[in-house]
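# Topology and contacts: notes
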Amino acid sequence: MTAIDLGLPVRGGLDLVPSEEDVQKAKDYASDQEVRWCPGCGDYAVLAAVRSFLPTLSIKRENTVFVSGIGCSSRFPYYLDTYGMHSIHGRAPAIATGLAVSRPDLSVFVVTGDGDALSIGGNHLIHALRRNVNMTILLFNNRIYGLTKGQYSPTSEVGKVTKSTPMGSLDHPFNPVSLALGAEATFVGRAMDSDRAGLTAVLEAAAKHRGASLVEIYQDCPIFNDGSFDVLRKPDESESRVITVTHGQPITFGTDGRWAVVRRGFGLAVAPIAEVDPADVVVHDATDHELAFALSRLSDQALDHAVFGVLRQVQRPTYDDLTREQVDQAVTKADVAGGPDLHGLLHGQDTWTIAGR
Amino acid sequence: MDKPVDAALPPRPAGARTVEQRNRVVIRFAGDSGDGMQLTGDRFTSAAAAFGNDLATMPDFPAEIRAPHGTLAGVSSFQLHFADYDILTPGDRPDVLVAMNPAALRANLRDLPPGGALIVDTDEFTKRNLAKVGYADDPLAEGSLSAYTVHKVPMTSLTTAALESLGIGKKDAERSKNMFALGLLSWMYSRPTEGTERWLREKFAKRPEIAEANLVAFRTGHAYGETTESFAVTYEIAPAALPVGTYRQITGNTALAYGIVAAGQQSGLPVFLGSYPITPASDILHELSRLKRFGVTTFQAEDEIAGIGAALGAAYGGAIGVTTTSGPGLALKSEAIGLAVMTELPLLIVDVQRGGPSTGLPTKTEQSDLLQAMFGRNGEAPVPVVAPRSPADAFDAALDAVRIALAYRTPVLLLSDGAIANGSEPWRVPEDEELPDLGVQFATEPNGPDGSFLPYARDPETLARPWAVPGTKGLAHRIGGLEKADGTGNISYDSANHEFMVRVRQARIDGIAVPDLEVDDPAGDAEVLLLGWGSTYGPIGAAARRLRAAGHTVAQAHLRHLNPLPANTEAVLRSYRQVIVPEMNLGQLAFLLQGRYCIPLVSVTKVAGLPFGAEELFDRLTPLITAPQLQDTDQKEEVPA
């Protein structure tokens with residue numbers, strides 16, 4: 001999957017990042033640090049996918065930065081031989097904002113989890129998205145707190161029994177894609193950790209998107225929430241649940257496309273294709289905000305249906321580009337007038353002089 | 001320095017119009033928060049500055065933007081002290097109080113000493129306005145003000161009458177009455193008027209009718225003083241003999257913003273400010289937002305944490321990262337400061353202190369964040385702390401703080417306060433060549449074995465680690481909040497390594513080069529030291545002058561660097577029989593010094609949301625100063641002087 005051509009003269013997410021002439025390989029992106037996630041953790045699959053997709057971007061490795069928060073997934077930067085910062089809980093989008101604004105020549109990634117991004121860091125996430133700061137946010141959603149050993153998270157199902165909710169959790173979960181769309185995100189995608197091809201495609205589109213891209217990655221925690229996405233993995237179950245969307249294509253899924261997405265009321269529904277007029281099958285349009293939101297609502301906590309792919313991608317000026325433009329304008333104007341005048345600034349309009357005697 | 005402590009006499013009506021010389025005058029403008037008292041005071045200040053007086057100002061306004069009209073809660077005031085010598089404070093009590101309404105009178109009269117001059121706008125002394133502030137009878141009529149020289153001036157009606165021919169609305173006409181007051185005071189104190197007229201024309205350039213109304217009001221006030229009999233005396237305050245140089249008037253927040261801009265220029269690095277609006281620090285954000293032409297980027301973040309987070313991100317990218325806040329915001333930034341300590345990145349954190357705890361007194365001043373700045377983080381997380389002592393000094397303090405941040409790769413806390421932020425004074429503008437060179441070297445080459453890069457290898461002098469910014473080939477590395485292995489910076493849970501890293505982080509801060517503590521002791525044989533930090537510099541200095549005039553020999557020293565303390569601090573403290581530490585908190589510096597040096601100190605504290613007055617401090621210090629005792633004399637011979 002590539003970025004959607006909207007016919008507008010737009011900049012790509014990596015346009016200001018220096019490109020690499022030499023051929024790069026996945027192993028070039030592996031750091032010398034031993035990876036220390038639990039055996040079977042979905043993070044391994046995502047790390048492998050990221051290590052192999054980064055070289056395909058053909059940008060300089062040293063101009064790639066991964067910023068993370070706190071949590072299992074936030075160890076990610078240590079395992080990549082790029083620049084990286086493993087920061088504090090929930091604050092990665094804020095730190096990445098400062099970095100992205102001050103350094104247009106960097107490709108900035110944020111790695112975060114459902115607790116990090118949606119609980120303690122919820123505020124920073126929504127503001128990074130609405131400002132549309134040029135960064136790619138990988139939100140690892142395993143619907144549990146792993147690093148603190150198994151408490152429910154803001155994406156856990158209602159009723160989930162965990163160490164902190166022995167009688168079942170009471171919190172209604174966030175739908176991260178709905179949340180991102182509500183926060184005016186310009187790019188929202190979703191992928192499954194084990195779907196290497198699908199994950200790579202969405203990540204690549206996200207990295208090349210200019211603006212804040214959110215990619216929700218469904219991912220298993222084998223220790224504290226094992227098999228939470230099994231219904232989307234086992235062929236007999238996933239057949240009627242997994243919906244993969246492609247811009248410009250009718251939304252059908254299942255063996256031989258036996259299911260279709262159709263409009264119902266203000267939203268969408270799933271119907272057997274046999275019972276649907278082909279003209280009523282919804283064609284995916286990633287520029288349609290309402291459609292993207294309706295698609296996100298097909299994934300409720302029971303995972304009866306889950307939509308993967310790029311749900312939304314639109315172009316909107318990015319905060320970092322606009323900020324730099326304002327500064328550049330002011331600097332250019334000052335340069336034309338002979339350069340920024342520190343002497344003049346410090347002296348101001350009204351000075352007086354005390355002369356020597 | 002040894003100027004006699006003159007009590008400036010207030011104006012007295014006399015038969016003949018005379019001109020008298022004064023050394024100093026304190027004027028307080030007080031009115032409703034919508035009456036433009038801050039603007040009036042500011043303008044009078046500029047005129048005094050341009051005339052060459054030394055001056056100090058203290059605005060005092062409510063946290064509410066527009067409290068109900070005419071109420072005590074809505075009173076806003078601006079006090080200005082100007083003189084023909086170097087003064088140190090905005091003055092304790094006004095010689096002249098301008099009260100634009102009954103609320104302003106009620107709220108400020110207690111500060112006016114007997115014999116003081118009171119100028120009131122009689123038009124505002126209506127039954128309704130009097131009742132609003134609990135005056136049963138009109139104080140102007142009942143004779144309760146007989147201790148003062150009262151000038152009853154119908155300012156509102158005189159202003160509107162003068163503006164009648166201009167055809168502007170009644171509201172706009174009434175709003176010009178502050179310029180009437182300014183005109184009247186300008187006449188009384190023989191201030192040049194051209195500057196104010198030019199300022200009005202420039203300020204209202206886009207609304208010439210308003211400019212004209214204000215000009216007419218200003219001239220009417222001036223003419224009123226000249227022509228009416230009630231003002232028999234005018235005063236002259238000669239220019240002050242300050243050190244040679246070019247001067248301007250400046251507030252603390254502006255000086256701080258300029259210091260940050262200068263640091264950017266002198267280091268050749270872009271400046272990135274991440275900030276969230278908070279009183280009384282917001283003006284730094286406003287000022288820097290206007291200075292983009294100096295390569296300054298400002299980011300109004302979604303909260304305090306994002307403000308510092310973004311600044312740290314920018315610092316990682318090679319900018320001078322700055323975040324500005326006040327006490328409550330500093331509390332929110334604590335964790336991110338800890339990350340900056342751990343990642344050893346340069347960062348400037350400005351805390352413009354205000355009354356606390358919690359939301360406290362947003363528009364009032366206090367020095368109660370010192371211990372928060374020193375210790376308000378989890379773990380052993382030492383941070384250098386720098387404090388300006390006056391509005392103009394905020395410029396140098398900001399440059400100094402950035403110097404430390406860049407040279408030692410550390411977050412630095414700069415503690416200003418409300419009195420410095422909004423106060424103003426003359427500033428001797430530094431010559432271009434006086435500005436320090438803050439140039440830094442980014443890492444460009446591998447520094448480890450086999451072409452490897454060790455992000456936590458240290459400079460043997462400063463113990464600073466290399467600053468390798470993203471985009472530098474061959475130096476890709478990861479940093480973060482987990483404990484680092486010495487050298488490689490990899491995650492390390494090794495106990496010996498942790499012990500070493502905690503101690504080396506502390507040693508790096510302890511080893512920062514700061515100038516020695518200087519003592520001002522004109523007599524040269526003082527046995528009592530007055531020690532302060534921050535904005536108490538002026539009041540302590542003024543109190544010291546009074547003490548000396550009263551026959552005491554006292555020395556004064558003031559700490560710019562609270563962490564690390566100057567190397568000679570202990571020796572200085574031990575060389576005095578008695579050390580007295582006045583602070584606008586409950587004794588935080590005294591606590592810090594006593595903990596560090598085990599030297600008993602006398603703590604003098606005030607937490608009223610207002611600075612110490614010079615006279616107030618003199619009164620409190622006088623009984624504390626002890627006479628020399630025999631055993632003290634014996635001891636004194638044993639310790640180095």
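## Some thoughts on the domain arrangement of chain B
Residue and element names in this part refer to chain B. Each assigned domain of chain B is listed with its residue range as follows: domain 1 (18-237), domain 2 (248-434), domain 3 (441-513) and domain 4 (519-635). In this structure, domain 1 and domain 2 have C-alpha centres spaced 34 Å apart. In this assembly, 13 residues from domain 1 lie in contact with 10 residues from domain 2. Looking at the side of domain 1 that touches domain 2, the elements with two or more residues in it are α1 (37-51) and β3 (54-60). It is β3 that contributes the most residues to the side of domain 1 that touches domain 2, 6 residues altogether.

## Thoughts on helix α2 (residues 92-102) of chain A
Extensive coverage of α2 of chain A is indicated by the burial of 11 of its 11 residues. The set of residues buried in α2 of chain A consists of Ala-92, Pro-93, Ala-94, Ile-95, Ala-96, Thr-97, Gly-98, Leu-99, Ala-100, Val-101 and Ser-102 of chain A.

## Thoughts on the pairing of strand β10 (residues 271-275) of chain B
Residues and elements named next belong to chain B. For β10, a buried count of 5 out of 5 residues is recorded, marking the element as mostly surrounded by other parts of the structure. Of the two faces of β10, the one holding Val-271, Leu-273 and Ser-275 and the one holding Phe-272 and Gly-274 are both buried throughout. The sheet contact formed by β10 and strand β11 (residues 296-300) spans 5 bridges and is parallel. Each residue of the ladder has a partner; that of Gly-274, found in β11, is Phe-299.

## Side note on the confidence of the model for chain B
Do not read the fine detail of predicted coordinates wherever pLDDT is low. All names here are of chain B. Averaged over chain B, the pLDDT score is 93; the fraction of residues at 70 or greater is 95%. Note on residues 1-16: pLDDT is under 50 here. Beyond four places in sequence and across chains, it has 32 contacts. Predicted confidence for residues 630-641 stays below pLDDT 50, and this span has 8 contacts to residues more than four positions away or in other chains. Model confidence for the complex: the whole-complex pTM is 0.92, and ipTM, which rates the interface, is 0.96.

## Describing the sheet that holds strand β16 (residues 424-428) of chain B
Strand pairing in a sheet relies on backbone hydrogen bonds, with the paired strands running either antiparallel or parallel. Ordered by their spatial adjacency, 3 strands build an open sheet running β12(A)-β9(B)-β16(B), and the pairing between neighbours is antiparallel. Two strands in the sheet have a free side with no partner beyond their single neighbour: β12 (351-354) of chain A together with β16 of chain B. The sheet shows a mean angle of 35° between the axes of neighbouring strands, taken without regard to direction. Note: strand β9 (residues 245-251) of chain B against β16 of chain B, 5 bridges, orientation antiparallel. The residue bridging Thr-251 of chain B from the neighbouring strand is Ser-424 of chain B, located in β16 of chain B. Strands β9 and β16 of chain B of the sheet are contacted by helix α10 (residues 252-267) of chain B, whose axis makes an angle of about 115° with β9 of chain B.

## What to know about the packing of helix α7 (residues 177-188) of chain B against helix α9 (residues 208-227) of chain B
Residue and element names in this part refer to chain B. Taken N-terminus to C-terminus, the directions of α7 and α9 make an angle of 40°; their axes are 6 Å apart at the nearest point. Accordingly, the angle class assigned to the pair α7 and α9 is oblique. In this structure, α7 meets α9 at a crossing whose hand is right-handed. On α9, the residues touching Lys-177, Met-179, Phe-180, Ala-181, Leu-182, Gly-183, Leu-184, Ser-186, Trp-187 and Met-188 of α7 are Asn-214, Ala-217, Phe-218, Arg-219, Thr-220, Gly-221, His-222, Tyr-224, Gly-225 and Glu-226. Class assignment of the residues belonging to the contact of α7 with α9 gives a composition of 10 nonpolar, 7 polar and 3 charged.

## As for the pairing of strand β5 (residues 187-192) of chain A
Residues and elements named next belong to chain A. In terms of burial, β5 is a largely internal element, 6 of the 6 residues being buried. Of the two faces of β5, the one carrying Phe-187, Gly-189 and Ala-191 and the one carrying Val-188, Arg-190 and Met-192 are both buried. Pairing of β5 with strand β6 (residues 212-218), which is carried by 6 bridges, proceeds in the parallel orientation. Among the inter-strand pairings, Gly-189 is bridged to a residue of β6, identified as Val-215. Taken together, β5, helix α6 (residues 196-208) and β6 constitute a β-α-β crossover, and its handedness is right-handed. In this sheet, strand β11 (residues 306-313) lies alongside β5 in antiparallel orientation, the contact comprising 4 bridges.

## A word on the nonpolar core
Among the nonpolar cores identified, the biggest contains 267 residues, and Leu-312, Leu-348, Ala-398 and Leu-414 of chain B are the most heavily contacted of them. The element that contributes the greatest number of residues to this core is helix α15 (residues 393-408) of chain B, accounting for 11 residues. Beyond its immediate chain neighbours, meaning those up to four positions away, Leu-312 of chain B contacts Ile-95 and Gly-98 of chain A together with Gly-321, Ala-336, Leu-339, Ala-340, Leu-345 and Leu-347 of chain B. Judged by nonpolar contacts, the second largest core, of 6 residues, contains Cys-41, Ile-144, Tyr-152 and Cys-221 of chain A.

## Structural notes on the environment of Glu-380 of chain B
Residues and elements named next belong to chain B. On the secondary structure map, Glu-380 appears in the loop between α14 (370-375) and β14 (385-386). For the pair Glu-380 and Arg-198, spaced 182 residues apart in the sequence, the C-alpha separation amounts to 55 Å. Setting aside residues up to four positions removed in sequence, Glu-380 forms contacts with Val-502 and Gln-506.

## Notes on the interface of chain A and chain B
On the side of chain B, 57 residues touch chain A, which itself brings 51 residues to the contact. Of all the secondary structure elements, the ones that give two or more residues to the side of chain A that touches chain B are β2 (83-86), α2, α4 (122-131), α10 (319-336), α11 (342-347) and β12 of chain A. Per element, the largest residue contribution to the side of chain A that touches chain B is 8 residues, and it comes from α2 of chain A. Sheet analysis places β2 of chain A next to strand β17 (residues 478-480) of chain B, joined by 3 bridges and oriented parallel. Residue pairing in the sheet places His-86 of chain A in a bridge with Gly-480 of chain B of β17 of chain B.

## Quick word on unusual backbone geometry
The omega torsion across Gly-356 of chain B and Pro-357 of chain B is 0°, close enough to zero to call that bond cis. The topology assignment puts Pro-357 of chain B in the loop between β13 (347-353) and α14. Note that the residue after Asn-563 of chain B, namely Pro-564 of chain B, is joined by a cis bond; omega there is -10°. Residue placement: Pro-564 of chain B occurs in the loop between β21 (561-563) and α19 (569-574). Even without being glycine, Asp-256 of chain A reaches a positive phi, approximately 55°. Inspection of the secondary structure assignment puts Asp-256 of chain A in the loop between β8 (252-253) and β9 (259-264). Phi is positive for Leu-463 of chain B, close to 65°, though the residue is something other than glycine.

## A short note on the packing of α10 of chain B against helix α11 (residues 282-289) of chain B
Residues and elements named next belong to chain B. In contact at an axis separation of 9 Å, α10 and α11 are set at 50° when each is read in the N-to-C sense. Our classification of the angle between α10 and α11 gives oblique. Like other packed secondary-structure pairs, α10 and α11 cross with a definite hand, here right-handed. Residue-level contacts link Asn-253, Thr-254, Leu-256, Ala-257 and Ile-260 of α10 to Asp-283, Ile-284, Glu-287 and Leu-288 of α11. For the contact of α10 with α11, a count of residues per class yields 5 nonpolar, 2 polar and 2 charged.

Rules and cut-offs
- Residues numbered from 1 in each chain as written.
- Chains lettered and ligands numbered in written order.
- Predicted model: local features only at pLDDT ≥ 70, side-chain atom pairs only at ≥ 80, totals over all residues.
- Domains from an automatic or database assignment.
- Contact = placed C-beta atoms within 7 Å.
- Helix = DSSP H or I, 4+ residues; strand = E, 2+ residues; numbered from the N terminus.
- Buried ≥ 20, exposed ≤ 12 C-beta atoms within 10 Å, placed from the backbone.
- Pairing = 2+ DSSP bridges.
- pLDDT = per-residue confidence, 0-100.
- Axes fitted to C-alpha atoms, helices over the stretch in contact; angles between N-to-C directions.
- Parallel < 35°, antiparallel > 145°, perpendicular 65-115°, else oblique.
- Left-handed = near helix turned anticlockwise from the far one by under 90°.
- Nonpolar A, V, L, I, M, F, W, Y, C, P; charged D, E, K, R; others polar.
- Right-handed = clockwise from strand over helix to strand, strands pointing away.
- Core = buried A, V, L, I, M, F, W, Y, C linked by C-beta atoms within 7 Å.

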